[in-house]
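# Remarks on the overall topology
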Amino acid sequence: MGKKKKKDVYEEAEREGTTIEDYIIPQKVQAFIDAYEPVEQQKFATTIFDETKLRAFFKAYITTLGDPLVVYLTRLENAGFKMQVSTQNEPAIFVTEKAVGGFSMLEEL
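Residues numbered from 1 in each chain as written. Predicted model: local features only at pLDDT ≥ 70, side-chain atom pairs only at ≥ 80, totals over all residues. Heavy atoms only, no water.

## Some points on unusual backbone geometry
As a reminder of what qualifies: Segments assigned H or I by DSSP are reported as helices when at least four residues long, segments assigned E as strands when at least two residues long, and all are numbered from the N terminus. Here's how the labels work: a residue is buried when its accessible area is under 20% of the maximum for its type, exposed when over 50%, partly exposed in between, all with a 1.4 Å probe on protein chains only.
Phi angles above zero are rare outside glycine, and Lys-59 is one such case at about 55 degrees. Tracing the backbone shows Lys-59 in the loop between helix H3 (51–58) and helix H4 (68–78). A positive phi angle is found at Asn-89, which is not glycine, with a value near 60 degrees. Relative to the assigned elements, Asn-89 resides in the loop between strand E3 (84–85) and strand E4 (91–97). Accessibility expressed as a relative area gives 66% for Asn-89, which makes it exposed.

This is the structure:
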């Protein structure tokens, strides 16, 4: 017996008129905004989100429908998180953790 090819959920969705926007989770963007503040210079950043780190944070991996990271980056940019060039000559978003009651929000998790 031959093995059946596993169906690609994105390929199937594409046939049904679904777009990459349908797989974007707005709550992930809001969680990022709630936990971090953008900073203008890398020297003030406590965390640097390069492409790899952003893909992992948002689980935004390229599919047959497109690249969801593009949508996440647009939404972050609209919230004030713009990409800049790091000292390693890579695009990145420079952030600092938001402090709440003397602790960073991430420490409380």
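## So, the packing of aromatic side chains
What counts is decided by this rule: Any two rings among Phe, Tyr and Trp, with Trp reduced to its six-membered ring, count as a pair given centres within 6.5 Å; such a pair is stacked if its planes are under 30 degrees apart, edge-to-face if over 60, and tilted if neither.
Counting across every chain of the model gives nine aromatic pairs. Pairing Phe-32 with Phe-81 gives two aromatic rings, centres 5.2 Å apart and planes at 75 degrees, and the pair type is edge-to-face. Of this pair, Phe-32 sits in helix H2 (residues 26–35) while Phe-81 sits in the loop between H4 and E3, and the two are 49 residues apart along the sequence. The pair Phe-32 / Phe-81 is uniform in exposure class, with both members buried.

## Focus: the nonpolar core
The following threshold applies: Here the nonpolar core consists of buried residues drawn from Ala, Val, Leu, Ile, Met, Phe, Trp, Tyr and Cys, with membership extended through side-chain atoms lying within 4.5 Å. Contacts are residue-level and defined by heavy atoms, with any inter-residue pair within 4.5 Å sufficient.
In terms of nonpolar packing, the biggest core is built from 19 residues, with Phe-32, Leu-54, Phe-58, Leu-76 and Phe-81 touching the most fellow members. Of all the secondary-structure elements, those providing two or more residues to this core are H2, H3, H4 and E4. Not counting chain neighbours up to four residues away, the residues in contact with Leu-54 comprise Phe-32, Phe-49, Leu-69, Leu-73, Leu-76, Met-83 and Ile-93.

## Remarks on the pairing of strand E2 (residues 47–50)
We count it as follows: Pairing between strands requires that DSSP locate at least two bridges from one strand to the other.
Side-chain alternation along E2 places Thr-47 and Phe-49 on a buried face and Ile-48 and Asp-50 on a face that remains uncovered. Taken together, the four bridges between E2 and E4 define a ladder with antiparallel strand orientation. Opposite Ile-48, over in E4, you have Phe-94 as the bridge partner.

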